[in-house]
Amino acid sequence: MKIIYLLVPLLAIYFLDGCRSSYDRTESRETASRYFSDPKIERRVDSLMSQMTLDEKIGQLVLYSSHFTTTGPTLPKNVEEAIRNGTCGNIFNAHVPAYNRELQRIAVEETRMGIPLLFGYDVIHGMKTIFPINLGMSCSWDIEGIKNSARVAAREAIAAGLNWTFSPMVDVTRDPRWGRVSEGSGEDTYLGSLIAAAMVEGYQGEGPETLASDSTILACIKHFAAYGAPQAGRDYQTVDLSDRTLRETYLPPYKAGIDAGAGSVMSAFNDIDAIPATASRYLMTDILRKEWGFNGFVVTDFTAINELVPHGVAADSLEAGALALNAGINMDLQGDIYHRFLKQLVEQKRVFLKQVDKMCAGVLRIKFALGLFDDPYRYLDTTAVAREFYKPENLAAARDMARKSIVLLKNDNRTLPIATGRKIALIGPFANTRIDLLGSWYGQGDSSHVVSILQGMQERFGHNKVIYAQGAPYEQESRIGFSQALHAARNSDITVVAVGLPGSWSGEATSMTTITLPLIQQELIAAIRTTGKPLVLLLLNGRPLDLSWESTVSDAIVEAWYPGTEGGHAVADVLSGDFNPCGKLTMTFPRTLGQVPIHYDIKNTGRPFTPNVGEQHYVSRYIDLPDNTPLYPFGYGLSYTTFAYSDLRIVPDKSDMKQPIEITVTVRNSGERSGTEVVQLYIQDVVASVTRPLRQLKGFERVELAPGESREISFQLDAESISFYRQDMSYGYEPGQFKVWVGGSSTADLEGIFEVTR
Ligand code: NOJ
């Protein structure tokens, strides 16, 4: 009997191991820590800390907004005084160089230790020159371009006296009800991870550049973790995910940002698996520090420590402070909990001095890495604004990114592009606004510098060729402007109706229970439709919309997102055909909100529904939708030309994965214009020890082709590309068959297969 007890587990281990690969990922602990583990810096941190009092250490863990009238619960009446007396070691929202310089002077010259301040700000998609919202930028799939947007933002931020941005937000987002989908890179983990790393490199520098270089600022990976998965899309709401989904879908972009060297991380507002992130030792210490080797610092989101009380995990602020510090939160953003209670908590032995020291060292390490101790004023050149803001190359980069982010969703009968000389009726609540083009979190972007759609169209097509009529406000049920709009449409060759949602309906605390256009805008579209003129819908919005009705009544649909300062130029570039659209969706557009959350990498269920197979009962579907497909899938976007795919080759098609597998395909521009295609590679692990997505993006390349031109594109799949968290949560791959698809969207149908052997 005893032998059987022994044998069963041994056999189980044998069989489980038998189906494992030899590949097991070693966590890249070294990658992250290599950035901030300079022994010279460590010596300076130790020496500085050995001279600091507890109060001074706590001061380094405090971050206040300079706008002390509009923020937080208990604020210092005078932020200068708080800096002077050492209770505040960091400032955010101050972005006037002379002011920041004065605050820095106080910190450096009037405090005992002379520790310089960090100056943080929400520079999310530009500081002054505003790029498209991040969701829009992700639709460019242009990783270098996105990196450059961060570089431009960093330079303008530095000119404003900043050395730290609360960006990139790398939360994977799959629910358009959540208003903050506009700030992220969409639903895909792989693409989101590449963008996370690129933005960190853009802000913090790469290659020989370091955090201490003149053109770099500190990045902040947020919101750790899984803030993008609130239940029912309601902001701040509970997140409840399996550890597998957390690790496989949500965590990789944070890790990618950290591996790229991000020196700070922001803790999320939400709870996850019943623990608020800001009190989660599992997230802040076990995963972030121990597994990933992060040794920068974690700042809370705005008053997130205080919010542990309404979350119901802390009885009072004192307890909240202890939970956060012990979890591994370095810096209290505006909550004033560390300032008021940390000393008391140390005295009561509810937190250990050692932990306070650790948290303080994290902040100081980054201040040293930024070079602030060597030159505290180096970011505070009061003449830089004039040189850096709205530089021609910044505007050019914003225009280029804006046109690459635009997604052509529909284009029947070659309605677009619009030929020069045609008369255009430009109608709609967003045709002549400027502020809305900036979206949410637009730094110090100035609406007077924004090129409106009307301005861009008039410049390109001529003032006498573009007839503008607002038609209707964006929401209010007022049809007064309809007749003027109809008149404009009747007297034109083509109508462009700029509809969508105002910029203020995106971003934090803008969850919505409907994702259709407001009724008045639909009525406007219906009215314009009666003129019989070709109808182009130009969308300005920060989330996927339900366009089921609009897609049946329009000839063309152009998703422009919130395109930023150069938006009007970019839209005119695309509508005129001066620029051939190439954006591809990074969030699925559902047919109806009832399908949400919907994303391309779904699983099969045990009762899959197969379209066009006749009656099927008791299968996974809705009885009020024809099938489970979205209106516009992930990866989708049209061009004014067409692309054909052929000759898919997989070499070798049987492999033990010691060497990568090469997937090659030929892409041809089969239309009449030059254009750029985003060639996408998807795979499926057909049978595994756990259910696997039907498709997962594993590679892509932007390819520019002249009419008739062909190019061979190759992708490499290595062991990492086919790995996942197996049944026992070990990470690696399993042998068996893998399907491959290559094409211009997540519904690509050029298919191949390969086999992975033991
Ligand atoms: C709250 C937001 O959630 C976060 O993204 C932002 O960085 C902070 N406020 C600071 O403004």
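1. Considerations on the site of the ligand
Alright, step 1. All residues adjacent to the ligand are Asp122, Phe166, Arg180, Lys222, His223, Met266, Phe269, Asp301, Phe302, Trp441 and Glu508.
Alright, step 2. For the ligand, an oxygen atom lies 2.8 Å from a polar atom in the side chain of Lys222.
Alright, step 3. Contact between the ligand and Asp301: an oxygen atom at 2.5 Å from a side-chain N or O atom of the residue.
Alright, step 4. In the complex, 95% of the free accessible area of the ligand, which totals 300 Å², lies under the protein chains.
Alright, step 5. For the shell around the ligand, the per-class residue count stands at five nonpolar, one polar and five charged.

2. Some thoughts on helix α13 (residues 317–327)
Alright, step 1. Taken residue by residue, α13 has Leu318, Ala320, Gly321, Ala322, Ala324, Leu325 and Ala327 as its buried positions.
Alright, step 2. Its buried side turned inward, α13 meets α11 (281–291), α12 (308–311), α14 (337–347) and α15 (353–369).
Alright, step 3. Just past α13, the residue Gly328 takes up positive phi, approximately 120 degrees.

3. Focus on the sheet that holds strand β26 (residues 750–756)
Alright, step 1. Ordered by their spatial adjacency, five strands build an open sheet running β18-β26-β25-β20-β21, and the pairing between neighbours is mixed. This sheet does not close on itself; its edge strands, each paired only once, are β18 (654–655) and β21 (696–705).
Alright, step 2. Strand direction decides the pairing type here: strand β20 (residues 675–685) and strand β25 (residues 736–743), joined by six bridges, are antiparallel. Bridge pairing in β25 links Asp685 to Phe738.

4. Concerning the side chain of Asp235
Alright, step 1. The residue Asp235 is located in the loop between β5 (220–224) and α10 (243–259) in this model.
Alright, step 2. For Asp235, which is buried and forms no salt bridge, the nearest opposite charge comes from Arg180, at a distance of 4.9 Å.
Alright, step 3. A distance of 2.7 Å separates polar atoms of two side chains, one belonging to Asp235 and the other to Tyr227.
Alright, step 4. For Asp235, the side chain forms a polar contact with the main-chain nitrogen of Ala509, separated by 2.7 Å.
Alright, step 5. The contacts of Asp235, once residues within four sequence positions are left out, are Trp178, Arg180, Tyr227, Glu508, Ala509 and Ser511.

Cut-offs used in this document
Residues numbered from 1 in each chain as written. Predicted model: local features only at pLDDT ≥ 70, side-chain atom pairs only at ≥ 80, totals over all residues. Heavy atoms only, no water. Near = heavy atom within 4 Å. Polar contact = N/O pair within 3.5 Å; in protein donor to acceptor, adjacent residues only side chain to side chain. Areas by Shrake-Rupley, 256 points an atom, 1.4 Å probe, with all protein chains shown as cover. Nonpolar A, V, L, I, M, F, W, Y, C, P; charged D, E, K, R; others polar. Buried < 20%, exposed > 50% of the residue type's maximum accessible area, 1.4 Å probe, protein only. Helix = DSSP H or I, 4+ residues; strand = E, 2+ residues; numbered from the N terminus. Contact = heavy atoms within 4.5 Å. Pairing = 2+ DSSP bridges. Lys, Arg positive; Asp, Glu negative; His and termini not counted. Salt bridge = Lys/Arg side-chain N within 4 Å of Asp/Glu carboxyl O.

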